[in-house]
Amino acid sequence: MVTGTTKLYIIVGHPISQVKSPEIFNKWFRNEGIDAVMIPLDIAPDGLASFAKLFRASDNIHGVIVTIPYKALITQYIDRPSPQVSALGAANVLRLTKEREIEGDMVDGKGFLRALREKQVSVKAKHICIIGCGGAGSAVAWDALKAGAARVSLLDENHEKAQDLLGRLAPHFPGHDIAVVHLPPTRFDIVLNATPLGMRATDQLPMPIHAIPTGAIVTDAVTAPSVTPFLQKARMNGHRIQTGREMVFGQVPLIAEYFGMKGFQEG
């Protein structure tokens, strides 16, 4: 039962039907008897400014998760960005200060690495190929470099977008091997599809399966379907995979901590 005392948590995007966080958090709220609810909100681009204004003025919205396509656009409304948000120009979690200023951070990359660790996989000294240089791709690149990745290759059909990300990363990781590539590299250890390709059955694959080296781990940021055609074909070809849903599960405890949800337990 949602009442006037219920704490509201919002996840905003466009579209929104693919998001998984509400079912995870609402199950926990229900099981623990917590007077809170997470609500998915589909907002058209011209409504984002109005939503930010509403968030500042609300007394019962206690946190916001930001998904596609707003991770970059939302930063113009953030008063106190984390160092990572300032560097990358993208955020996926927001909260209000006592002064009603919006704070923002990014946990996509940390969730990606946490999900890999649960598979006993480390990115240290590994070569990662990232397809798609938007919010999720930039976050994974940042956190992989912080975790000791040996090389990060950036691939995006919008070459300027990839170059922009390289320019954002390079000052913070001097001496690291970061490169923009036009074609998939011939050798790498982990590949991430951080594009929307795979959300629709008619989408092309983000990378030809035959271009993936033997032994490489194939991962996806798309959450619906859970196993995208890219992951399905990679698994059939003998590759280990990581789903976008696993990436979301990896960041759920980090989101809970950011929102001050004490005692959060997964499952």
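Residues numbered from 1 in each chain as written. Predicted model: local features only at pLDDT ≥ 70, side-chain atom pairs only at ≥ 80, totals over all residues. Heavy atoms only, no water.

A. Structural view of the sheet that holds strand β9 (residues 177-180). With respect to topology, 6 strands assemble into an open sheet ordered β9-β8-β7-β10-β11-β12, the strand pairing being parallel. Sheet topology places β9 and β12 (241-242) at the edges, where each strand pairs with a single neighbour. When strand β7 (residues 127-131) meets strand β8 (residues 151-155), the two strands line up parallel, connected through 5 bridges. Across the sheet, isoleucine 128 pairs through a bridge with valine 152, a residue of β8. Contacts from helix α5 (residues 135-146) reach β7, β8, β9 and β10 (190-193) within the one sheet, and its direction differs from that of β7 by about 165°. (Pairing = 2+ DSSP bridges. Helix = DSSP H or I, 4+ residues; strand = E, 2+ residues; numbered from the N terminus. Contact = heavy atoms within 4.5 Å. Axes fitted to C-alpha atoms, helices over the stretch in contact; angles between N-to-C directions.)

B. Expanded view of the nonpolar core. In this structure, Phe112, Ile130, Leu154, Leu169 and Ile190 are the most contacted members of the largest nonpolar core, which totals 31 residues. Only α3 (83-88), α4 (108-118), β7, α5, β8, α6 (159-169), β9 and β10 provide two or more residues apiece to this core. Ranked by residue count, the leading element in this core is α5, at 6 residues. Not counting residues within four places of it along the chain, the set of residues in contact with isoleucine 130 comprises Gly137, Val140, Ala141, Val152, Ser153, Leu154, Leu155 and Leu192. Listed in part, the 23 residues of the second largest apolar core include Ile43, Phe55, Val64 and Met106. (Core = buried A, V, L, I, M, F, W, Y, C linked by side-chain atoms within 4.5 Å. Buried < 20%, exposed > 50% of the residue type's maximum accessible area, 1.4 Å probe, protein only.)

C. Inspection of the packing of α4 against helix α8 (residues 244-258) at higher detail. Relative to each other, α4 and α8 sit at 115°, their axes nearing to 7 Å. One way to sum up the angle between α4 and α8 is to call them roughly perpendicular. α4 and α8 meet at a crossing whose hand is right-handed. For the pair α4 and α8, the contacting residues are Asp108, Lys110, Gly111, Phe112, Arg114 and Ala115 in the first and Glu246, Met247, Phe249, Gly250, Gln251, Pro253 and Leu254 in the second. (Parallel < 35°, antiparallel > 145°, perpendicular 65-115°, else oblique. Left-handed = near helix turned anticlockwise from the far one by under 90°.)

D. Up close: the pattern of salt bridges. Applying the stated criterion to the full structure yields 13 salt bridges. A salt bridge links arginine 95 to glutamate 103; the shortest N-O distance between them is 2.7 Å. Judged by its relative accessible area of 29%, arginine 95 is partly exposed. In this structure, the salt-bridge partner of arginine 200 is aspartate 203, at a minimum N-O distance of 3.1 Å. Connected through shared salt-bridge partners, Arg80, Glu99 and Glu101 make up one network. (Salt bridge = Lys/Arg side-chain N within 4 Å of Asp/Glu carboxyl O.)

E. Region of the structure containing the side chain of serine 82. Mapping serine 82 onto the fold places it in the loop between β4 (80-81) and α3. The class of serine 82 is buried, set by a relative accessible area of 14%.

F. Fine view of the side chain of lysine 20. Summarising the element assignment, lysine 20 is placed in the loop between β1 (7-13) and α1 (21-32). With residues up to four places along the chain from it excluded, the contact list for lysine 20 reads Thr223, Ala224, Arg245 and Val248.

G. Region of interest: the packing of α4 against α5. One way to put it is that α4 packs onto α5 with a least axis distance of 7 Å and a crossing angle of 65°. Seen from above, α4 lies across α5 with right-handed handedness. In this structure, α4 uses Asp108, Gly109, Lys110, Phe112 and Leu113 to contact α5, whose residues at the interface are Gly135, Ala136, Ala139, Val140, Asp143 and Ala144. Here the contact of α4 with α5 is composed, by residue class, of 6 nonpolar, 2 polar and 3 charged. (Nonpolar A, V, L, I, M, F, W, Y, C, P; charged D, E, K, R; others polar.)

H. Seen up close, the packing of aromatic side chains. Going through the model one piece at a time under the given rule, you end up with 7 aromatic pairs. Ring centres 5.9 Å apart and planes at 25° place the aromatic pair tyrosine 9 and phenylalanine 29 in the stacked group. Taken as a pair, tyrosine 9 in strand β1 and phenylalanine 29 in helix α1 lie far apart in primary sequence, 20 residues in all. We classify phenylalanine 29 as buried; its relative accessible area is 3%. (Phe/Tyr/Trp six-rings, centres within 6.5 Å; stacked < 30°, edge-to-face > 60°.)

I. How the structure looks around unusual backbone geometry. Residue proline 15 is reached from histidine 14 by a cis peptide bond, and omega for that bond is 10°. Position of proline 15 among the secondary structure elements: in the loop between β1 and α1. Alanine 224 connects to proline 225 through a cis peptide bond whose omega is 5°. Note on placement: proline 225 falls in the loop between β11 (217-220) and α7 (229-236). At glutamine 120, a position not held by glycine, the phi torsion is positive, near 65°. Here glutamine 120 falls in the exposed class, since its relative accessible area comes to 71%. Positive phi outside glycine occurs at alanine 125, with the angle close to 65°. Mapped onto the elements of the fold, alanine 125 is located in the loop between α4 and β7. Assessed through its relative accessible area of 57%, alanine 125 is described here as exposed.

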